[in-house]
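Commentary on secondary and tertiary structure
Each chain, letter by letter, is given below.
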Amino acid sequence: MYRQYTLDNGIPVVFDLMYDVHSAAVGVWVKIGSRDEIEDKNGISHFIEHMFFKGTKTRTAQDIAIEIDSIGGELNAFTSKEETTFYTRVLDEHLTTAIDLLADIFLNSVIDVQELKKEKRIIIEEIKMVEDTPDEYVHDLLYEVAWGRSALGRPVLGRKETVTSFTRDDLVDHIKNFYTSRDIVIAAAGNINPDSLFLALNRSFGKIPYINNKREYQSPQFSKGILMKKKKLKEVHICIGVEGIRYDNDDRYAVMLLNAMFGGSVSSRLFQEIRENRGLVYTISSYPVFYRDTGLLITYAGTGKSKAGEVIRLIIQEMRKLKEERVKDAELRRAKEHIKGGLLFALESTSHRMVQIARNEICFGRQITTEEIVQNIEDVTTEKIQEIAESIFKNESIAITVCGAINHLDLKEEDIKL
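This is a predicted model, so every value here is computed, not measured. (Residues numbered from 1 in each chain as written. Predicted model: local features only at pLDDT ≥ 70, side-chain atom pairs only at ≥ 80, totals over all residues. Heavy atoms only, no water.)

**Some details on the overall build of the protein chain**
For clarity, the threshold we go by: The secondary structure listing takes helices from DSSP runs of H or I that are at least 4 residues long and strands from runs of E that are at least 2 residues long, numbered from the N terminus. Each residue is placed in one exposure class: buried if its accessible area under a 1.4 Å probe, protein chains only, is under 20% of its type's maximum, exposed if it is over 50%, and partly exposed if it falls in between. Where accessible areas are quoted, they stem from the Shrake-Rupley method and a 1.4 Å probe; at the residue level, only the protein chains shown are allowed to cover. Neither His nor the chain termini are counted; the positive set is Lys and Arg, and the negative set is Asp and Glu. To locate a charge, take atom NZ for lysine, CZ for arginine, CG for aspartate or CD for glutamate.
Each helix and strand counted, the protein chain has 15 helices and 11 strands in total. Its C-alpha atoms give the protein chain principal-axis dimensions of roughly 65 × 50 × 40 Å. Per-residue burial for the protein chain yields a buried fraction of 54% across its 418 residues. When the accessible surface of the protein chain is summed, it comes to about 19,000 Å², and 48% of that surface belongs to carbon and sulfur atoms. Taking the average location of the 56 positive side-chain charges in the protein chain and that of its 65 negative ones, the two points are 4 Å from each other.

Okay, here's the thing in structure tokens:
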């Protein structure tokens, strides 16, 4: 059961009522992420996410940690390309305490200068950790190849030189300009009393001012190319990205089904052909990402350095097959059941449902019911799958990144032609 309210300052609040559970999840979503940052402030959204947990006017960082642990809950945050989200998940009996904590860190963080200096060191270590984690790092490299120096091509964490340059005034100005009622959505799912929760949220978040800070979004231009990053690793990590579609495109259901058949499940073509039949990889998968004006279909694989060229060649070959040969009805049916199963399993999680209703509000301005999603999945035909494959598997829209102890790929030009 969905409910929607509006705080006094215009912030939309969406509820998904689940009276058969004993927990609740509440998230405050700021529609600002790394792609909204100018180049010399790359990483500031993620930095602010960290600083909100470093003390408020009435609580130290330790107080915050002890208080949330004392009620057996979770208080956390994450930053993405297009949002920064602060959330709590607790037993329903402790929701009032959790909301008080969530509001305190969001509205009353002091952004202490000494804590800021300490956090710079911590985030730089986080950046180093990603660079030392090749299955993550190769994805950052893919965005860099696909979208270059545009905001969408930059890493969410920022770069060492930008992070070290941040001042307290930089963070305060970013919060003042962008953490306003114009760019916030609040979502809650679980065993909650919507009326009382709305009043609690209105007393705190309802006081956030409205600032009409208009931002110009420039859609990035996709660039094809291959980037190889040499690292002393025992395995080679591969990412292949093709340009996809924006999140409000009606073809997103067809893209999800195409992905399920291509590399998004254990019965997918990539998994069965490259892992099971040929034994060339331990892991291989694909997944779509959707943004406000573009998207990607990403394939990731890990393999030995002598096999990297062959794995890339086979991935491209499977892309060609989806373009040239219409999928069988049975394969599409299997993909539909896989997607529907994942959707329905996820409905048992308060956290997932909180995320889902928030994204519905942000992306579509309305709630999309499970029944509507299922119907849209069922409406996709084999003809539509081939049409989508033809539209996204294109020579001019393919980026490849490779990370590992490898100097060259045993590939001919025709091997990577779509």
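**Description of the pattern of salt bridges**
The following threshold applies: By definition, a salt bridge exists where a carboxyl oxygen of Asp or Glu is found within 4 Å of a side-chain nitrogen of Lys or Arg.
This model, assessed by the stated rule, comprises 33 salt bridges. Close ionic contact of arginine 35 with glutamate 82 constitutes a salt bridge, the shortest N to O distance being 2.9 Å. Within this pair, whereas arginine 35 is found in the loop between strand 3 (23-30) and helix 1 (44-51), its partner glutamate 82 is found in the loop between strand 4 (74-79) and strand 5 (84-91), the two being separated by 47 residues in sequence. Classification of arginine 35 by relative accessible area gives buried; the value is 9%. Salt bridges sharing partners connect three or more residues here, namely Arg35, Asp36, Glu82, Arg292 and Asp293.

**Thoughts on the packing of helix 12 (residues 329-346) against helix 14 (residues 370-378)**
The line we're drawing: Axis angles are defined between N-to-C directions and span 0 to 180 degrees, where every axis is a line fitted to C-alpha atoms and, for a helix, only to the segment in contact. Angles below 35 degrees are treated as roughly parallel, those above 145 as roughly antiparallel, those between 65 and 115 as roughly perpendicular, and all remaining angles as oblique. Left-handed describes a crossing whose near helix is turned anticlockwise from the far helix by less than a right angle; the clockwise case is right-handed. Any two residues whose heavy atoms approach within 4.5 Å are treated as being in contact.
Helix 14 packs onto helix 12 with a crossing angle of 165° between their chain directions and a minimal axis gap of 10 Å. Compared by their axis directions, helix 12 and helix 14 come out roughly antiparallel. Crossing of helix 12 over helix 14 shows right-handed handedness. Packed against helix 12, whose contacting residues are Arg333, Lys336, Glu337, Ile339, Lys340, Leu343 and Leu344, the element helix 14 presents Thr370, Ile373, Val374, Ile377 and Glu378 at the interface.

**Here's the deal with the sheet that holds strand 9 (residues 281-290)**
Convention followed: Two strands qualify as a pair provided that DSSP identifies no fewer than 2 bridges between them.
In space, the 5 strands of this open sheet follow the order 7-11-8-10-9, with mixed pairing throughout. With partners counted over all chains shown, the strands left at the sheet margins are strand 7 (225-230) and strand 9, one partner each. Each neighbouring strand pair of the sheet contributes to a mean axis angle of 10°, computed without reference to strand direction. By the bridge criterion, 9 bridges tie strand 9 to strand 10 (residues 295-303) in an arrangement that is antiparallel. Bridging from a neighbouring strand, valine 289 pairs with leucine 296 of strand 10. Set on the sheet, helix 10 (residues 269-277) makes contact with strand 9 and strand 10; between it and strand 9 the angle comes to about 160°.

**What to know about the pairing of strand 10**
Burial analysis of strand 10 places 9 of its 9 residues in the buried class, the great majority of the element. Burial of strand 10 is two-sided: the residues Gly295, Leu297, Thr299, Ala301 and Thr303 facing one way and the residues Leu296, Ile298, Tyr300 and Gly302 facing the other way are all buried. Where strand 8 (residues 236-243) and strand 10 come together, 8 bridges link them in antiparallel fashion. Across the sheet, the residue bridging to valine 236 is threonine 303, located in strand 10. Hairpin remark: strand 9 followed by strand 10, antiparallel, with 4 residues in the connecting loop.

**A few points about helix 14**
In plain terms, the rule: Directions pointing from the helix axis toward each C-beta atom define the arc.
Taken as a whole, helix 14 has its buried residues at Thr370, Ile373 and Ile377. End-on view of helix 14: buried residues confined to an arc of 65°, all on one side of the axis. In this structure, the buried residues of helix 14 make contact with helix 9 (252-262), helix 12 and helix 13 (350-364).

**Here we look at the nonpolar core**
Just so we agree on the cut-off: What we call a nonpolar core is a set of buried Ala, Val, Leu, Ile, Met, Phe, Trp, Tyr and Cys residues that are connected through their side-chain atoms within 4.5 Å.
Judged by nonpolar contacts, the single largest core of 54 residues is most densely connected at Phe15, Phe106, Ile186 and Phe205. Per-element tally for this core: the top contributor is helix 3 (residues 95-108), with 8 residues. Not counting residues up to four positions away in its chain, the partners in contact with isoleucine 186 are Leu7, Ile11, Pro12, Val13, Val14, Val26, Gly27, Val28, Leu201 and Phe205.

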